[in-house]
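Chain residues, written in single-letter form:
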Amino acid sequence: MQRTNVATPDYYHRVVDCQWACPAHTDVPEYIRLIAQGRFDDAYMLNRKSNVFPGILGRVCDRPCEPACRRTRVDGKAVAICRLKRVAADNKEDIRDRLPAIPMEKNGKKVALIGAGPASLTVANDLMPLGYQVTIFEKGPRAGGLMRINIPAFRLPEEVLDEEIGYIVDMGVDLRCNTPVESLKALLDSEEYDAVFVGSGAPKGKELVLPGRYDSDQIFIGIEWLENIHFGHIDSVGKNVVIIGVGNTAMDCCRSAKRLGANDVKVVARKTRKYFKASPWELEDAEEEHVHIMENLSPVRFVVENGTLVGMEFEEFTSQEIDGKLVQEFKQNVTIPCDTVILAIGQENAFPWIEREIGLEFDKWDVPVVDKITYMSTREGVFFGGDAAFGPANIIWAVEHGHQAAISIHQYCMGKPITERPPQGQTLSSTKMGLHEWSYSNNYSAAARQKMVHIDLHQRFVDLSKEVELGFNAEQTWQEVQRCLNCDVQTHFTESACIECDACLDICPVDCLTITQDGEEEQVKARLKAPALNPNQGLFASGPLKQTGRIMVKDENLCLHCGLCAERCPTYAWDMRKFYLLNPHAGISFEGAEAAPAEVVAP
């Protein structure tokens, strides 16, 4: 096998599965340790370096980190990473004096951002400390984009939005609300700005044109309906409501309908639960509020009688999995009585304000062609990010798009090639404090994942803005932080110090270590003490050991980072070293690191 190169961040970064899976590469284990120490301000600021909105994302993030969490391989339940993020945000004190300093003397470059959603706000957050003059054009009355108008306040309170958006706007951003950009050509022709970033989201809800669609005024597009609730234009709903679609927007719609007075709310899905796009916790919260989620139903027509919506007809299917694929067969037609239908089947980009003759190429779906690494369009100096770039995703992806676009904008304005991406770096520092003592807690906790406490069911429907989740209390926080396996504290091996005594093999509780003859990877895998069951997690392989020429192999999928191998090793060949990812942002690079070619950097 090829000797594993741990001198670059690629290998150890991937071992920290949660950080690797997070689009913004948040240092999850470190902020959990800071929370464990009661250092909430430090935990918040560490979060903010990468995800920008800890309080917001601590409530509504889609949590790509949690399915990747190594804890799931131990007891099936990830560490509550998202919930702990909120703990830091809710318990911090005033951190304004720790925000980046904004230079009084500007660098002479002006950047226009279109839309005040998470992507644009992240760009502003990264560029303002570099001396840019940043103007945000927002068509609505307040900043926040779909975070504000499409996520109900019972999930994301407005005061949380105001606080974290305020940290950015108060840097000196020129925020122009109620100021839509009606012509990109006119903005570019003004030559007032050195670069333009489009972060206008995917503001158009998908239609469902079926018989009866336009025969009633009680059929709504989900994101428009939520927006109207936010602005107070809608304050009631029918008693029997049907939601078409089963994504997170559908969950917000069905739970909002319950709060507006609906007695019976049904969410209808074309496929089975395995294929639902909604997050599992969103489904659970909806069902706890007595929303009925129905599977295997495909809409046929809206049933309208004398101008009144009375039901919706569906084709009902039976479903089964055959060779890993869902196979459905028609069973019968059924009609569900209802007096309101809300369509939540997806969102689309909409750019009626972008002229098609300004050198900005659109693809066959009428979406701008955007480079997935630099985020620049085919029109030089015009960048896209968030849902506006590649269609609907989630907030944390929009944040990472903003970070990467800010790097490109800075390179572009400084006259540097935007394809030369500043590389990641790493630091490795020993956590050894004595023969059997480490500067982190390596005790394994058998505690179960903590369950979020909600307000009582009857209280939820009294006030539309009443936040449902109460957050972890001190005891829950303490129990949950202990569940983290400290995956960023790496088992670092120095082959020249190994005497092949096998002590580490004997003490390893999960048999993740093997000393064996070198060979092709599949041959080596066949000789491991425990089978390598996860092809997505790498094997560490040392160079030849000096005693026998064999190699040390470690299955990262199995390792608990308990440190017993390092405690037992008599020659210090094994050490527990804290890995810290140096993740570049606009204007921030790392001395000694060479520029990486653009093709190896993924957004």
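Predicted, not measured: the structure shown is a model, and the values here were computed from it. (Residues numbered from 1 in each chain as written. Predicted model: local features only at pLDDT ≥ 70, side-chain atom pairs only at ≥ 80, totals over all residues. Heavy atoms only, no water.)

**Comments concerning the overall build of the protein chain**
Here is step 1 of the chain: Along the protein chain, the regular secondary structure elements total 22 helices and 23 strands.
Here is step 2 of the chain: A compact globule built from 603 residues should have a C-alpha radius of gyration of about 25 Å, and the protein chain, at 27 Å, falls within 12% of that.
Here is step 3 of the chain: Each of the 603 residues in the protein chain was classed as buried or not, and the buried ones make up 54%.
Here is step 4 of the chain: Considering only residue pairs separated by 6 or more positions, the protein chain has 72% of its internal contacts joining residues 24 or more positions apart.
Here is step 5 of the chain: For the protein chain, the accessible surface area stands at approximately 26300 Å², while carbon and sulfur atoms represent 49% of it. (Helix = DSSP H or I, 4+ residues; strand = E, 2+ residues; numbered from the N terminus. Rg over C-alpha atoms; globule rule 2.2 N^0.38 Å. Buried < 20%, exposed > 50% of the residue type's maximum accessible area, 1.4 Å probe, protein only. Contact = heavy atoms within 4.5 Å. Areas by Shrake-Rupley, 256 points an atom, 1.4 Å probe, with all protein chains shown as cover.)

**Notes on the pairing of strand β12 (residues 325-337)**
Here is step 1 of the chain: The pairing of strand β11 (residues 308-322) with β12 spans 12 bridges and is classified as antiparallel. Across the sheet, the residue bridging to Ile322 is Lys325, located in β12.
Here is step 2 of the chain: Count of turn residues in the β11/β12 antiparallel hairpin: 2 residues, of which Asp323 carries a positive phi of about 55°. (Pairing = 2+ DSSP bridges.)

**Considering the pattern of salt bridges**
Here is step 1 of the chain: This structure, assessed with the given rule, holds 48 salt bridges.
Here is step 2 of the chain: Among the salt bridges present, the one from Asp170 reaches Arg96, with a minimum N-O distance of 3.3 Å. In this pair, Asp170 sits in the loop between α11 (158-169) and β3 (174-176) while Arg96 sits in the loop between α8 (81-91) and β1 (110-114), placing the two residues 74 residues apart along the sequence.
Here is step 3 of the chain: Given the relative accessible area of 54%, Asp170 is considered exposed.
Here is step 4 of the chain: Among the salt bridges present, the one from Asp162 reaches Arg142, with a minimum N-O distance of 2.8 Å. Taken together, the residues Asp162 in helix α11 and Arg142 in the loop between β2 (133-137) and α10 (146-149) connect sequence positions 20 residues apart.
Here is step 5 of the chain: Several salt bridges converge on common partners, so that one network encompasses Arg155, Asp252, Arg255, Arg259, Glu282, Asp285, Glu288, Glu289 and Arg460. (Salt bridge = Lys/Arg side-chain N within 4 Å of Asp/Glu carboxyl O.)

**Some remarks on the domain arrangement of the protein chain**
Here is step 1 of the chain: Assigned domains of the protein chain: these are domain 1 (9-97 + 445-483), domain 2 (99-203 + 349-413) and domain 3 (206-346).
Here is step 2 of the chain: Computed from C-alpha atoms alone, the centre-to-centre distance between domain 1 and domain 3 is 31 Å.
Here is step 3 of the chain: Tallying the contact residues gives 10 residues for domain 1 and 12 residues for domain 3.
Here is step 4 of the chain: Around 1100 Å² of area is buried between domain 1 and domain 3 when both sides are counted, 54% of it from carbon and sulfur atoms.
Here is step 5 of the chain: Its largest share of buried area at the contact with domain 3, domain 1 owes to Arg460, Phe461 and Leu464, together 49% of the area lost on that side.
Here is step 6 of the chain: Between domain 1 and domain 3 we count 2 salt bridges in total. (Domains from an automatic or database assignment. Buried area = accessible area lost by both parts, 1.4 Å probe.)

**Here we look at the packing of aromatic side chains**
Here is step 1 of the chain: Counted by the stated rule, this structure contains 12 aromatic pairs.
Here is step 2 of the chain: Between the aromatic rings of Phe137 and Tyr193, the centroid separation amounts to 6.1 Å while the plane-to-plane angle is 90°, which identifies the pairing as edge-to-face. A residue pair is termed long-range when its members are at least 10 positions apart, and Phe137 in strand β2 and Tyr193 in the loop between α12 (184-189) and β4 (195-198) qualify at 56 residues.
Here is step 3 of the chain: Note on Phe137: relative accessible area 10%, which makes it buried.
Here is step 4 of the chain: Aromatic rings pair up to connect Tyr11, Tyr12, Phe493, Phe540, Trp574 and Phe579 into one cluster.
Here is step 5 of the chain: Lying over the aromatic face of Trp281, Arg63 brings its terminal NZ or CZ to 3.7 Å of the ring centre.
Here is step 6 of the chain: The ring of Tyr44 is capped by Lys92, whose NZ or CZ atom sits 4.8 Å from the centre of that ring. (Phe/Tyr/Trp six-rings, centres within 6.5 Å; stacked < 30°, edge-to-face > 60°. Lys NZ or Arg CZ within 6 Å of the ring centre and 35° of its normal.)

**With respect to the packing of helix α9 (residues 118-127) against helix α17 (residues 395-413)**
Here is step 1 of the chain: The N-to-C vectors of α9 and α17 enclose an angle of 40°; their axes lie 7 Å apart at closest approach. Here α9 is positioned oblique relative to α17, judged by the angle of their axes. Seen along the crossing, α9 lies across α17 with a hand that is right-handed. Each of Pro118, Ala119, Thr122, Val123, Asp126 and Leu127 in α9 lies in contact with α17, whose residues at this interface are Ile395, Ala398, Val399, Gly402, His403, Ala405, Ala406, Ile409 and His410.
Here is step 2 of the chain: Residue composition of the contact of α9 with α17, by class: 10 nonpolar, 4 polar and 1 charged. (Axes fitted to C-alpha atoms, helices over the stretch in contact; angles between N-to-C directions. Parallel < 35°, antiparallel > 145°, perpendicular 65-115°, else oblique. Left-handed = near helix turned anticlockwise from the far one by under 90°. Nonpolar A, V, L, I, M, F, W, Y, C, P; charged D, E, K, R; others polar.)

**Considering the side chain of Gln426**
Here is step 1 of the chain: Mapped onto the fold, Gln426 is located in strand β16 (residues 425-430).
Here is step 2 of the chain: For Gln426, a relative accessible area of 17% puts it in the buried group.
Here is step 3 of the chain: There is a polar contact of 2.8 Å between the side chain of Gln426 and the backbone oxygen of Val6.
Here is step 4 of the chain: A polar side-chain atom of Gln426 sits 3.4 Å from the main-chain carbonyl oxygen of Ala7.
Here is step 5 of the chain: Excluding its chain neighbours within four sequence positions, the residues that come into contact with Gln426 are Val6, Ala7, Thr8, Pro9, Tyr12, Phe579, Tyr580 and Leu582. (Polar contact = N/O pair within 3.5 Å; in protein donor to acceptor, adjacent residues only side chain to side chain.)

**Thoughts on the packing of helix α13 (residues 222-230) against helix α14 (residues 248-259)**
Between two packed helices, the angle of one axis relative to the other and the distance separating the axes together describe the packing.
Here is step 1 of the chain: Between α13 and α14, the least distance of the axes is 10 Å, while the angle of their chain directions is 45°. Comparing the axis directions of α13 and α14 gives the class oblique. Classified by chirality, the crossing of α14 by α13 is left-handed. Facing Gly222, Ile223, Trp225, Leu226 and Ile229 of α13, the residues of α14 in contact are Thr249, Asp252, Cys253, Ser256 and Ala257.
Here is step 2 of the chain: By residue class, the composition of the contact of α13 with α14 is 6 nonpolar, 3 polar and 1 charged.

**Overview of the confidence of the model for the protein chain**
Here is step 1 of the chain: For the protein chain, the average pLDDT comes to 93, and 98% of its residues sit at 70 or higher.
Here is step 2 of the chain: Overall, residues 594-603 carries pLDDT values under 50, and its contacts beyond four positions in sequence, including any with other chains, amount to 19 contacts. (pLDDT = per-residue confidence, 0-100.)

**Regarding the sheet that holds strand β7 (residues 240-244)**
Here is step 1 of the chain: Taking strand neighbours across the sheet as the criterion, the 5 strands line up as β6-β13-β7-β8-β9 in an open arrangement whose pairing is parallel. The open sheet terminates on both sides in strands that have one partner only, identified here as β6 (219-221) and β9 (292-294). On average, each strand axis in the sheet is inclined to that of its neighbour by 20°, with strand direction left out of account.
Here is step 2 of the chain: In this structure, strand β8 (residues 264-268) lies alongside β9, joined through 3 bridges in parallel fashion. Across the sheet, the residue bridging to Lys266 is His292, located in β9.
Here is step 3 of the chain: Of the strands in this sheet, β6 and β13 (340-343) touch α13, which is tilted by about 90° from β6.

**Regarding the nonpolar core**
Here is step 1 of the chain: Counting residues in each nonpolar core, the largest one holds 49 residues, and the members touching the most others are Tyr31, Ile32, Ile35, Leu84, Phe493 and Trp574.
Here is step 2 of the chain: It is helix α3 (residues 28-36) that provides the largest number of residues to this core, a total of 5 residues.
Here is step 3 of the chain: What Leu84 contacts, discounting residues up to four positions off in sequence, is Tyr31, Ile32, Ile35, Val79, Phe472, Thr477, Glu480 and Val481. (Core = buried A, V, L, I, M, F, W, Y, C linked by side-chain atoms within 4.5 Å.)

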